[in-house]
Amino acid sequence: MKKKIIALVLVLIVGLAVFASCGKKEEKTADMNFTVYNTAGVQIQYTIKCNKTGKFASGTVEDGGKQEAKLNCAVNDAGEPDLTVEAKTPDGSQTRTLNYKTDVITVTKTGSIDFTLPVN
């Protein structure tokens, strides 16, 4: 009888451990502020998308202008988001994927996307 009770208690403990490990981990998010600079020579349309949540920020920036954007995005333990940045000019588009935190996005004359402040 004692062996059955001990075995039953062990089965219950193992069962509780299995169910406890199945809990969903809460995803961390952070409000991120971006400044989009347009040095492309033409008006651009941009989209900054959080790949995990699907949330996005978008807008239009005139040549030589800049625009602030804010996005709440899922981040890893180091505070790094998984973002895709797309900039469209009238004659094409450029897409870059970000796996690190940034706050400056520059679309250049060649149509490429840079993540540093523009240099005059």
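For the structure, see preceding data.
Quick look at the structure, then. (Residues numbered from 1 in each chain as written. Predicted model: local features only at pLDDT ≥ 70, side-chain atom pairs only at ≥ 80, totals over all residues. Heavy atoms only, no water.)

Some points on the pairing of strand β5 (residues 83-89)
Counting buried positions over the 7 residues of β5 gives 5, a clear majority of the element. Looking at chain direction, strand β2 (residues 44-50) and β5 are connected through 6 bridges and run antiparallel. When the sheet's bridge partners are listed, T47 is paired in β5 with E86. One ladder, built from 7 bridges, connects β5 with strand β6 (residues 92-98); its direction is antiparallel. Bridge pairing in β6 places T84 opposite T97. Hairpin connection, β5 to β6: the antiparallel pair is bridged by 2 residues. (Buried < 20%, exposed > 50% of the residue type's maximum accessible area, 1.4 Å probe, protein only. Helix = DSSP H or I, 4+ residues; strand = E, 2+ residues; numbered from the N terminus. Pairing = 2+ DSSP bridges.)

Section: the state of the cysteines
Here a disulfide denotes one covalent bond, and it connects the sulfur atoms of two cysteines. Across all of its chains, the model carries 1 disulfide by this definition. Across a sulfur-sulfur distance of 2.3 Å, C50 and C73 are joined as a disulfide pair. Residues C50 and C73 are joined by a disulfide whose S-S torsion is about 85°; by sign, that bridge is right-handed. With C50 in strand β2 and C73 in strand β4 (residues 66-74), the pair connects residues that are 23 residues apart, well separated along the chain. You'll find C50 and C73 in the same group, each marked buried. (Disulfide = S-S within 2.5 Å.)

Some points on the sheet that holds β4
Strand order in the open sheet formed by 4 strands is β4-β1-β7-β8, with mixed pairing between adjacent strands. The two strands at the open ends of the sheet, each matched to only one other strand, are β4 and β8 (113-114). In this structure, strand β7 (residues 104-107) lies alongside β8, joined through 2 bridges in antiparallel fashion. Residue pairing in the sheet places V107 in a bridge with I113 of β8.

A look at the side chain of T108
Mapped onto the elements of the fold, T108 is located in the loop between β7 and β8. A polar side-chain atom of T108 sits 2.8 Å from a polar atom in the side chain of S112. Look past the residues within four positions of T108 in its chain and what remains in contact with it is T39, A40 and D114. (Polar contact = N/O pair within 3.5 Å; in protein donor to acceptor, adjacent residues only side chain to side chain. Contact = heavy atoms within 4.5 Å.)

Details of the sheet that holds β6
Taken in spatial order, the 4 strands make up an open sheet running β3-β2-β5-β6, and their pairing is antiparallel. The open sheet terminates on both sides in strands that have one partner only, identified here as β3 (56-61) and β6. The sheet shows a mean angle of 15° between the axes of neighbouring strands, taken without regard to direction. Both β2 and β3 contribute to a ladder of 6 bridges, which runs antiparallel. When the sheet's bridge partners are listed, T47 is paired in β3 with S58. (Axes fitted to C-alpha atoms, helices over the stretch in contact; angles between N-to-C directions.)

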